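Structural features, examined
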2 protein chains.
Amino acid sequence: MQKENENHLSRRSFFKQSGALATGVAIGIGGAGIVSANAKATQVEPLPWPYTKLDVEMARKLGHLGYYKNECSAGAFYGILWPLKEKIGHPYDTIPIEPPNIMTFGAGGVAGWATLCGALNGASAAITLVTKNYKPIINELFGWYQDESFPSDQSNEYASKHQFLVEKYKSDKILTKSIAKSPLCHASVTDWCKASGYGSGAKERSERCARLAGDVAAHAVKLLNLDAEGKFKPTYAFSEEVAGCRKCHFKGKDCEAGQNTRGKMDCLQCHEAHDI
Amino acid sequence: MQKENENHLSRRSFFKQSGALATGVAIGIGGAGIVSANAKATQVEPLPWPYTKLDVEMARKLGHLGYYKNECSAGAFYGILWPLKEKIGHPYDTIPIEPPNIMTFGAGGVAGWATLCGALNGASAAITLVTKNYKPIINELFGWYQDESFPSDQSNEYASKHQFLVEKYKSDKILTKSIAKSPLCHASVTDWCKASGYGSGAKERSERCARLAGDVAAHAVKLLNLDAEGKFKPTYAFSEEVAGCRKCHFKGKDCEAGQNTRGKMDCLQCHEAHDI
C-alpha cells in the first residue's frame, strides 16, 4: 500500500483495500485511533449552515403546505428550509428541499411504521443543518411536543379562515386537540383519534397531521430564532414519574441495578409502575 | 397582489404575503389545489440520485467507522453514501456525508430520546436519496431489523480479528447477540443489555451499537443492490400476533371499531393481549 497520511485514507487506497476485503484479507491501517476517511473529498459546506431569523407563522403555513406536497416529515423539513433557501441561497440550493426531499421517508413514523413522529424527524434534520446547538434544541422540541396540545389554536384558525397556503385541503373544521405524551407517531395519532372520534384513515386525521407538521416547523423556528439571538435556554425537565423511574433506570454501567436502558420517553405509557 | 402563474408563488410575492401574515391579513392564493411554491428555485438534482451497486462488506465497515466518527445515525448514512460519492461524485459531493452530517441528530434514538434506532434513521435517509422504491425497501429493512440478531457474526468476526477500519475501538470481544423485536432504540438497547449483562453506559454497549450501525448499512446496501438489478422482492410479513391485532386495529375510518391506530410495530411489547 502506498504511504498515506496516517489519519487519512485516500480514495485510491480505499478501493484497493475494499478489493482486499472482498477476498477476506485483513486490512491493516496505521494511525492513531479513528481513521479519517474522505479527506480529499470535494469541498462541501460543513455544518452548521448559515441561519437567519425566520417568520414563525410562515414556517407554520409552509409546514402545512409541505404536508400536502409530500406528507409530514418532508413537510416540516420544507417549512424550515424553504424560507432559508429563499433568504440565504447557497448552500441551501444544493439539496432537495422541495418535497419529495431527503426526509420523505419519515412519513407515518417512517414508511408507515408509526415510530418517531415524522414532523419531529423532518424538523430535527433541518435543525441539525443550521446550528451546532442541535441537540439541546431538538431535546426542547421533543419535550414541548409531548406536552403540547395539537393542532394549535393558530393552525385551527388558519384552516377555518382559509388562510393556509393550500386552497383545497382536506378539512376546514376546527379540530379537536389532544396531547400525545409521546414523540411517537403511533401514540400521537391514536390519542388524537380517541379524543376526536375520527378514525386514523379519516381525512380529518390527515388534516390534523398537516396542521401538526406546521406547528412543529413553527416551534422549531421559534427555538432557532432564540438560538440565533443567543437567547435559547432549555426549559424541558422530566416529569415527576419519569424522574422517579430514572432514579434506578438510566444509562449507566450496572445492568443488574437497572442501568440497562436509555431514553426520555414517558415510561408508564408502556410499562407498569412498580415499587422499589 | 401582482398576478402570478396560478400554481406558482414567486419569491417576491411570498415575502410580501408573509409580511401580510404578520399583520393578520388573510392570504388569497388563486389556483387549482395545492400551491407549488419555489418554482423558480436554483436547479438541484431531483431525487432519486444515481445509484451503482456497492460492496456490502465495505458498507458494514464504513457504518462501524462512521459510528466512531459521529454515532449510529450519521454512521449508517455515511456507510452507504461515502462509497457512492467516491464512485459517482456529483451530486453526492454537494451534501455533508462525512460525519457530522444531516442525520447526526438520530444518535441515541434522536438526541438521546431512544425513539427510532438511529442506524435505521440514517440508513432510511440514504435509501430515500437513491431510489424511488425507498418505501418498500425501508419497510423490508425495518422488518428484517426487528427479527435480526445483533451484532452479526460478521461484525463480531471483524471486531475480534481487528478487521474493522478503526484501530482503537471500544471492545474487540465477541459480543452477545439479541433480537430487539422492535425498531425502537429503547427496546433494542435494553434487550441487548439484559441478554449480555452489560449496562447501557458500558463501552461494550457502544461497540455493540457501532457493529449494529455497520450491519444496518450493509443490509440496506444488499437491498439497494437487488433494487438496482430489478430483483428486489419484499418478503416481510406481519407476525401472527400482529396480524391478529390488525384484524380490528388498522388505519381505517371507524374509530369506535378500533380503527384508531396506525403502525407496524409489535403490539404486544406495550399492550396487553385481549379477547375480541
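This text goes with the structure placed above it.
So, a few notes on the structure that sits alongside this text. Numbering of residues begins from 1 in every chain and follows the order in which that chain's sequence is written. Labels are handed out in written order, letters beginning with A for the chains and numbers beginning with 1 for the ligands. Reporting of local features is limited, given that this is a predicted model, to residues whose pLDDT is at least 70; pairs of side-chain atoms are given and counted only at 80 or more, and all residues count toward the totals for whole chains, interfaces and linings.

A few words on the overall build of chain A. Working definition: helices are DSSP H or I runs of at least four residues, strands are E runs of at least two. Numbering for both runs from the N terminus. When its secondary structure is counted, chain A shows eight helices and four strands. Split into buried and exposed, the 276 residues of chain A put 51% on the buried side. Counting other C-beta atoms within 10 Å of a residue's own tells you its class, since 20 or more makes it buried, 12 or fewer makes it exposed, and anything in between is partly exposed; those C-beta atoms are placed from the backbone.

Here we come to the packing of helix α4 (residues 134-147) of chain A against helix α7 (residues 203-228) of chain A. Residue and element names in this part refer to chain A. As a packed pair, α4 and α7 sit with axes 10 Å apart at the nearest point and diverge in direction by 140°. The orientation of α4 relative to α7 falls into the category oblique. By crossing handedness, the relation of α4 to α7 is classed as right-handed. On α7, the residues touching Ile137, Glu140, Leu141, Trp144 and Tyr145 of α4 are Val216, His219, Ala220, Leu223, Leu224 and Asp227. Note on definitions: angles span 0 to 180 degrees between N-to-C directions of axes, and those axes are lines fitted to C-alpha atoms, for helices only across the stretch in contact. When an angle is under 35 degrees it counts as roughly parallel; over 145 it counts as roughly antiparallel; between 65 and 115 it counts as roughly perpendicular; any other value is oblique. Take the far helix as your reference; a near helix turned counterclockwise from it by less than a right angle gives a left-handed crossing, and one turned clockwise gives a right-handed crossing. Residue pairs are scored as contacts if the distance between their C-beta atoms, which are placed from the backbone, is within 7 Å.

Relative to chain B, chain A is turned by 180° and slid 0.0 Å along the rotation axis, the superposed coordinates differing by an RMSD of 0.0 Å. In the structure described here, the two chain copies are related by an operation that fits a two-fold rotation axis. When C-alpha positions in chain A are compared against the rotation axis, the closest is assigned to Cys270(A), at 2.3 Å. In this assembly, 99% of the residues forming the interface of chain A have copies in chain B that are likewise at the interface, indicating an isologous arrangement. To superpose the copies, least squares is applied to the C-alpha atoms of every residue with a pLDDT of at least 70 in both.

With that settled, the discussion passes to the interface of chain A and chain B. Put simply, an interface is often sized by how much accessible area is lost when its parts join up. Counting residues at the interface gives 88 residues for chain A and 88 residues for chain B. Those elements giving two or more residues to the side of chain A that touches chain B turn out to be α1 (11-22), α2 (56-88), α3 (118-130), α4 and α6 (185-196) of chain A. If one sorts the elements of the side of chain A that touches chain B by residue count, α2(A) sits on top with eight residues. Put simply, Ala, Val, Leu, Ile, Met, Phe, Trp, Tyr, Cys and Pro go in the nonpolar bin, Asp, Glu, Lys and Arg in the charged bin, and everything else, Gly too, in the polar bin. Grouping the amino acids of the side of chain A that touches chain B by side-chain chemistry returns 44 nonpolar, 26 polar and 18 charged.

So, about the packing of helix α3 (residues 118-130) of chain B against helix α4 (residues 134-147) of chain B. Two quantities define a packed helix pair, namely the angle between the axes and the distance from one axis to the other. Residue and element names in this part refer to chain B. For the pair α3 and α4, interaxial distance at closest approach is 9 Å and the crossing angle is 155°. Considered as vectors, α3 and α4 are oriented roughly antiparallel to each other. Crossing of α3 over α4 shows right-handed handedness. Together, Leu120, Ala123, Ser124, Ile127 and Thr128 of α3 and Tyr134, Ile137, Ile138, Leu141, Phe142 and Tyr145 of α4 make up the contact between the two elements. Residue classes in the contact of α3 with α4 are distributed as nine nonpolar, two polar and no charged.

With that settled, the discussion passes to the environment of Leu116(A). By secondary structure assignment, the location of Leu116(A) is in the loop between α2 and α3. The class of Leu116(A) is buried, set by 31 C-beta atoms lying within 10 Å. For the pair Leu116(A) and Cys185(A), spaced 69 residues apart in the sequence, the C-alpha separation amounts to 5.5 Å. Non-local contacts of Leu116(A), meaning those with residues more than four positions away in its chain, are made with Gly109(A), Val110(A), Asn121(A), Pro183(A), Leu184(A), Cys185(A), Val110(B), Thr115(B) and Leu116(B).

Note that Lys251(B) resides in the segment after α8 (240-245). For Lys251(B), a count of 20 C-beta atoms within 10 Å gives the class buried. Spatially, the C-alpha atoms of Lys251(B) and Gly263(B) are 8.2 Å apart, while their sequence positions differ by 12 residues. If near-sequence neighbours (up to four positions away) are discounted, Lys251(B) is found in contact with Ser200(A), Gly201(A), Gln259(B) and Arg262(B).

Residue and element names in this part refer to chain A. To estimate how far a helix should reach, multiply one less than its number of residues by 1.5 Å. Between its first and last C-alpha, α6 extends 16 Å over 12 residues, near the 16 Å set by a 1.5 Å rise per residue. Here α6 has its buried residues at Cys185, His186, Ala187, Ser188, Val189, Thr190, Trp192 and Cys193. On its buried face, α6 sits against α3, β4 (178-179) and α7. Positive backbone phi, approximately 85°, marks Gly197, located one or two places after α6.

Turning our attention to helix α5 (residues 153-160) of chain A. Residue and element names in this part refer to chain A. Every buried residue of α5 is accounted for by Ser155, Tyr158 and Ala159. Along the long axis of α5, the arc covered by the buried residues comes to 95°, so they all point the same way. Buried residues along α5 sit against α2 and α7. Residue His162 follows α5 closely and has a positive phi angle near 55°. Arc definition: directions from the helix axis to the C-beta atoms.

Now for unusual backbone geometry. Here the bond from Phe150(A) into Pro151(A) is cis, since omega is -10°, no more than 30 degrees from zero. Residue placement: Pro151(A) occurs in the loop between β3 (149-150) and α5. The step from Pro99(B) to Pro100(B) runs through a cis peptide bond, and the omega angle for that step is 0°. Mapping Pro100(B) onto the fold places it in the loop between α2 (56-88) and α3. The phi dihedral of His162(B) falls on the positive side, at around 55°, and the residue is not glycine. Along the chain, His162(B) falls in the loop between α5 (153-160) and β4 (178-179). A tally of 15 C-beta atoms within 10 Å means that His162(B) is categorised as partly exposed.

On to the environment of Leu84(A), then. All names here are of chain A. Within the secondary structure, Leu84 sits in helix α2. For Leu84, a count of 21 C-beta atoms within 10 Å gives the class buried. Distance in space between the C-alpha atoms of Leu84 and Thr52 is 7.3 Å, their sequence separation being 32 residues. Setting aside residues up to four positions removed in sequence, Leu84 forms contacts with Tyr51, Leu54 and Tyr92.

Bear in mind that shape data such as this cannot, by itself, settle questions of function.
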